Amino acid sequence: MKIYLFSALLYFSFLTQISALPASTRGTNFWLKYSANNSRLQFPLCSSLPLDVFFTANTQNYLRVNSCYSVDNRTVFFSLNGGDSHVGPSRSNHDKAPSAAAALINVDFETPDYCVSDGIAVFSNKTINSGGGNLTYLWNFGDNLAGSQDPNTSTEIDGKHVYHFIGVYEVTLTVTSDDGSVVTLKKQFRVNGDLPKAGFEVLDQNKLCSYNMVEFKDEATVDFGEVTKIEWYFDFANKNTPDVVDVNPTSRDGLPKIYSFKYPTFNDVESKTYIVKMKVYSGQSCADEQVKTITVYGTPVADFSLQSSCLTDGVAKFSTYALPDANLAYLWDFGDLNATEQNPNVSNLKDPDHRYTVAGKYNVKLVVTNPAGCQLVLNKEITIDGAQPIADFEILNPSALCAQSAVTILDKTTLAFGEVTKLELYYDFDNDPSVVEVDYSPGSGINRKRYTHQYPSFSFSSTKIFVIKMVAYVGNTCVSSVEKSITINATPVIEFPSINEICSEAPDVQLFAQEINEIPGFGVFTGPGLSSSGMFSPSVAGPGLHDLTYTFTSQAGCVAQKTIQVTVQPTPVVNAGQDKVIFEGEQFRFNATASGAQNLIYKWSPSTGLDRDDVLNPLVKATEDMIYTLTVQSDKGCLKSDDVYVKVLGHPSIPSAISPNGDAINDVWNIKQLEKYTFVKVSIYDRAGERIFESSGYKVPFDGTYNGKPLPVGVYYYVIILSGYDKPITGTLTIIK
């Protein structure tokens, strides 16, 4: 079997099958018949053939095709079946046509990104067999240095090979069909070096402003081959996933690629630092990274305001607000085409003045630059106007105006154009014209400003009339005024008697208050421990000085309040101490405590067994169980009591012998008084020191037996441990018959 080489760049209006016909002696050529309507073959690489050949339907065009063409960088081989056909000028009488099955096999495979350290390179077979049948595959990895462990060929569907040296290899896939047709595809495959080196440059790194894109120039290298992937982490400290993954980096021989990233614009701090990481790959495992810290500078925070003026005034004063306040450069453009050398149109002051000579609207520009060169540009339109203002105002809620309550005045001044620059308000112009409120920043016609004033209380009449005068200015000379009268209602007068100090344990007290001028309305109480109807609870309020308020609202809506103070004296905090267990005849001193008030007085009851009943901790010598009550009184008469229980224990009565003979007399060792002790442990030992009896609580007395058997007559030793005793009680016990 011989192989013919054939390839062409094909352009079809629709896909159809190419069939081959027998050929006579044609040197290195063979003949094709192609039946398709208005279809076209192009042969751009071989000068011996026409570049374009067209076919019409149902005709047989015979074309001589040289074996020197490639289609999409692929070389296709057609096999000739039977005999010993070959390509060449000699023995050409044996030439035969290629198989139709070969034309239906579309051979293709994918090459991986690969570096020396990646291990196995896997070539994915993408061959499509449109004619059906089985195919076999033969891979040649083009590795002349391949060894026995990593052979240069493979018959698997997907080719797998381990390359040990960098370089460019020609990988060949040969596909054979059932009828022996062979199609071969060759591709160049690059094995990259295993030492890529990440590297990048931050462009203009000393002038990175948060409102601009930051640019990074790729300067990565590899010892052989190409970088196959680049990952960018532009804020690696806060985000560990890449912001950009470039799987098609530019060739290392080409111009460096520029990557751009926009950081958030900020102005709350002067600068922020970011960690930028570049990670480059020359294969699956061959990678390197570079990390750099960059500083991005914020935009200056600034604003400016100005005061419009009448033309006769002419001077506009600009005030600038900026953060940070220091180390900023300012450049003003006042937008004044009539500026002169003596009155320039520019300034580098923070708060400049400029004199305008013509009324109109001006575009003022301020450029604020920080030390890093980051700029903020502000543009505002100002009005220089000499229009006469028309002063006017409105009293809000005029039917409910009260003395000692705020009266609200809404500015309704108007003018043809421009802004009012100053307002003067006289709230009692007829009686006190010297008192005036001046506002140098009145609101505009869109955002009208409100002013408040409180008139003093009066009681000689139910109402009083006041004259309010407003004077409006534009600049320092354009002035207008207006006057209006208002009626103020009298403020209610409250009588709210005070109360004496009270103990916190005292019962609730009803408080009383009233309006004394008989102005119709209603009142309500407020304060700690005070209900709206005036019921005061000292225990709810708690100790201390409290403000109790009575609020009266007239039918005209005028409100008056009066507040009294009441002192709630604390109740003493008393603790008579922990309950006590003592022995008969023992004496002790109470451990009581009392606090929370001054100059306390003490009283114990009953006084039985006490050396005194008027001290905090008297001496106690009780003869029987007793509950004592301690009552403590403060110097303000506030009382508190607490109880303590004293239990008296008798000393145990311990018999020295028992006679367990069954006569019901001293058969067991009964010990009186043990039942009163909270903890009892009785142990009995024989002369050899062996314990023959032990009981906790001693509910079942000792009966002279051990393990159910009577003990012999003799002397035994006991140990009794009782709560309240510093050491055990010991002695001898004799068993007699």
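The sections below set out a description of the structure shown in this document.

Thresholds, definitions, all that
Residues numbered from 1 in each chain as written. Predicted model: local features only at pLDDT ≥ 70, side-chain atom pairs only at ≥ 80, totals over all residues. Heavy atoms only, no water. Helix = DSSP H or I, 4+ residues; strand = E, 2+ residues; numbered from the N terminus. Buried < 20%, exposed > 50% of the residue type's maximum accessible area, 1.4 Å probe, protein only. Contact = heavy atoms within 4.5 Å. Areas by Shrake-Rupley, 256 points an atom, 1.4 Å probe, with all protein chains shown as cover. Pairing = 2+ DSSP bridges. Axes fitted to C-alpha atoms, helices over the stretch in contact; angles between N-to-C directions. Phe/Tyr/Trp six-rings, centres within 6.5 Å; stacked < 30°, edge-to-face > 60°. Lys NZ or Arg CZ within 6 Å of the ring centre and 35° of its normal. Disulfide = S-S within 2.5 Å. Polar contact = N/O pair within 3.5 Å; in protein donor to acceptor, adjacent residues only side chain to side chain. Lys, Arg positive; Asp, Glu negative; His and termini not counted. Salt bridge = Lys/Arg side-chain N within 4 Å of Asp/Glu carboxyl O.

1. Regarding the overall build of the chain
Looking only at helices and strands, one finds two helices and 61 strands in the chain. Within the chain, the fraction of its 737 residues that count as buried is 40%. Residue pairs in contact within the chain that sit at least 24 positions apart in sequence constitute 58% of those at least 6 positions apart. Carbon and sulfur atoms make up 50% of the accessible area of the chain, which amounts to about 39100 Å² in all.

2. Observations concerning the sheet that holds strand E20 (residues 229–233)
An order of E21-E20-E23-E24 is seen for the four strands of this open sheet, with the pairing classed as antiparallel. Each of the sheet's edge strands pairs with one partner strand only, and the pair in question is strand E21 (244–246) and strand E24 (287–297). In this sheet, neighbouring strand axes are inclined to one another by 15° on average, regardless of whether the strands run parallel or antiparallel. Examined bridge by bridge, E20 and strand E23 (residues 271–281) share five bridges and lie antiparallel to one another. Considered in E23, the bridge of Trp-232 is made with Met-278.

3. Examining the packing of aromatic side chains
Taken as a whole and judged by the stated rule, the model has 37 aromatic pairs. Ring centres of Trp-232 and Phe-234 lie 5.7 Å apart, and the angle between their planes is 10°; this geometry places the pair in the stacked category. For the pair shown, Trp-232 and Phe-234 are each scored as buried. Ring geometry for Phe-261 versus Tyr-263: centroids 4.8 Å apart, planes at 80°, classification edge-to-face. Every member of this aromatic cluster is reached through a ring pair, and the members are Phe-109, Tyr-114, Phe-123, Trp-139, Phe-141, Tyr-163, Tyr-169 and Phe-189. Over the ring of Phe-266 we find Lys-272; its NZ or CZ atom is 4.7 Å from the centre of that ring. Across from the ring centre of Phe-588, 5.5 Å away, lies the NZ or CZ of Lys-580, which sits over that ring.

4. As for the state of the cysteines
Inspection of the entire model under this criterion finds four disulfides. With its sulfur 1.9 Å from that of its partner, Cys-115 forms a disulfide with Cys-286. Measuring the twist about the S-S bond at about 85°, one finds the Cys-115-Cys-286 disulfide to be right-handed. With Cys-115 in the loop between strand E10 (109–110) and strand E11 (120–125) and Cys-286 in the loop between E23 and E24, the pair connects residues that are 171 residues apart, well separated along the chain. As far as the burial class goes, Cys-115 and Cys-286 line up, both buried. Bridging Cys-209 to Cys-374, the disulfide has an S-S length of 2.1 Å. Looking down the S-S bond of the Cys-209 and Cys-374 bridge, the torsion is -100°, so its handedness is left-handed. Note that Cys-209 is positioned in the loop between strand E18 (200–202) and strand E19 (213–218) and Cys-374 in the loop between strand E30 (360–369) and strand E31 (375–384), a separation of 165 residues in sequence. Comparing Cys-209 with Cys-374 shows no difference in burial state: the two are buried.

5. Comments concerning the environment of Tyr-698
With respect to the helices and strands, the residue Tyr-698 is situated in the loop between strand E57 (691–696) and strand E58 (705–706). In the structure, Tyr-698 is positioned 18 residues away from Val-680 in sequence and 6.7 Å away in space, judged by C-alpha atoms. Side-chain polar atoms of Tyr-698 contact the backbone oxygen of Trp-669, separated by 2.5 Å.

6. Section: the sheet that holds E19
On the basis of which strands lie adjacent, the open sheet formed by three strands has the order E18-E19-E22 and antiparallel pairing. Either end of the sheet is taken by a strand with one partner, and the two such strands are E18 and strand E22 (258–262). Strand-to-strand twist in this sheet, taken as the mean axis angle between neighbours without regard to direction, amounts to 25°.

7. A look at the side chain of Asp-686
With respect to the helices and strands, Asp-686 occurs in the loop between strand E56 (680–685) and E57. Here Asp-686 occupies a buried position and makes no salt bridge, while the nearest side chain of opposite charge, Arg-687, is found at 8.4 Å. Of note is the side chain of Asp-686, whose polar atom sits 2.7 Å from the backbone nitrogen of Glu-690. Residues within four places of Asp-686 in sequence aside, it is in contact with Ile-692, Tyr-716 and Tyr-717.

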